[in-house]
Amino acid sequence: TKSVIGATRIKSVGKNLLDLSKIVSKSKVNPVYNATYSLVENGFTFNAIQAYTGVAFPVKLGKNKNVHIKYQGNCRVLIKPLNPNDYYNPLDTFYSTSNNNFNFTTIDYDMYWIIFDSAANTGEFTIKNPMISYENLPYEPYTESIQYIIAKDKDNKIVNLKSLPNGVRDEVRDGKLIKRVS
């Protein structure tokens, strides 16, 4: 994370929540099943030399959200909450399907592992146009942008705003600094 003195970082993500650059072998979240993989235009491939081999993506979906996943290809999708105490040791699978166009509702976690695997099959699997979103939308690639907003007081001086995870934060209102975090 980049830090800029006196600036607040704002990250904006497009409609597709699946960042293909975050791909890892399923072996990262289950050491038994290793897969080789590569990114291709608007998708990825993985080679399953044994059954139940695949790839995984960490995705922030939020709590109790209706989510839609669709893609072109044949494989199984497993959804596991990301363990907040151990990144690569997910909690139990709470949703699994071989459908390539489906909806589900998240449970009481923000982060999830979305796992594409070969189920009982072996061979090369190609997944094209994978899309994870809050509605059934046409495919669009993952996009994100980051902006830094600089706060200034009434004397046009840059102020350093701070915040806490519980939502308490400093702010500038009508040119006056309201300091809540020291």
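Preceding this section is the structure that the text describes.
Reference entry: report on the structure contained in this document. (Residues numbered from 1 in each chain as written. Predicted model: local features only at pLDDT ≥ 70, side-chain atom pairs only at ≥ 80, totals over all residues. Heavy atoms only, no water.)

**Quick word on the layout of surface pockets**
In this structure, the largest pocket spans a volume of roughly 290 Å³. Surrounding the largest pocket, Lys 11, Val 13, Leu 17, Asp 19, Lys 22, Pro 58, Val 59, Lys 60, Met 111, Tyr 142 and Glu 144 form its lining. In terms of residue count, strand β5 (residues 54–60) provides more of the lining of the largest pocket than any other element does, three residues in total. For the lining of the largest pocket, the class distribution of residues is six nonpolar, no polar and five charged. (1 Å grid on protein atoms, 1.4 Å probe; cavity = no way out; pocket = protein on both sides within 12 Å on 5 of 7 lines; lining within 4 Å. Points joined across faces, edges and corners; volume = space filled by probe spheres on them. Helix = DSSP H or I, 4+ residues; strand = E, 2+ residues; numbered from the N terminus. Nonpolar A, V, L, I, M, F, W, Y, C, P; charged D, E, K, R; others polar.)

**Concerning the pairing of strand β4 (residues 43–48)**
Burial within β4 is extensive, with five of its six residues counted as buried. Sheet analysis places strand β3 (residues 36–40) next to β4, joined by five bridges and oriented antiparallel. Its bridge partner lying in β4, Val 40 is registered against Gly 43. Once β3 ends, the chain turns through two residues before running back antiparallel as β4, passing Asn 42 with a positive phi of about 55°. In this sheet, strand β11 (residues 123–133) lies alongside β4 in antiparallel orientation, the contact comprising six bridges. (Buried < 20%, exposed > 50% of the residue type's maximum accessible area, 1.4 Å probe, protein only. Pairing = 2+ DSSP bridges.)

**Some points on the pattern of salt bridges**
Taken as a whole, this structure holds three salt bridges when the rule is applied. Three or more residues are tied together by salt bridges with common partners; here these are Lys 26, Arg 76 and Asp 117. (Salt bridge = Lys/Arg side-chain N within 4 Å of Asp/Glu carboxyl O.)

**What to know about the pairing of strand β10 (residues 111–117)**
Across the seven residues that make up β10, a large majority, six, are buried. As paired elements, strand β7 (residues 76–81) and β10 share six bridges and run antiparallel to each other. Along β10, the bridge assignment pairs Ile 79 with Ile 114.

**Considering the sheet that holds β7**
Reading across from one edge, β2-β5-β10-β7-β8 is the order of the five strands in this open sheet, with antiparallel pairing throughout. Strand pairing shows two members of the sheet lacking a second neighbour, β2 (24–25) and β8 (95–97), which therefore form its edges. Pairing of β7 with β8, which is carried by three bridges, proceeds in the antiparallel orientation. Bridge pairing links Val 77 to Thr 97 in β8.

**Here we look at the side chain of Arg 76**
By secondary structure assignment, the location of Arg 76 is in strand β7. Of the residues examined, Arg 76 reaches a relative accessible area of 17% and is grouped as buried. A distance of 2.6 Å separates the side chain of Arg 76 from the side chain of Asp 117, its partner in a polar contact. Residues contacting Arg 76, with those up to four places away along its chain left out, are Lys 26, Tyr 52, Ser 96, Thr 97, Ser 98, Ile 115, Phe 116, Asp 117 and Ala 119. (Polar contact = N/O pair within 3.5 Å; in protein donor to acceptor, adjacent residues only side chain to side chain. Contact = heavy atoms within 4.5 Å.)

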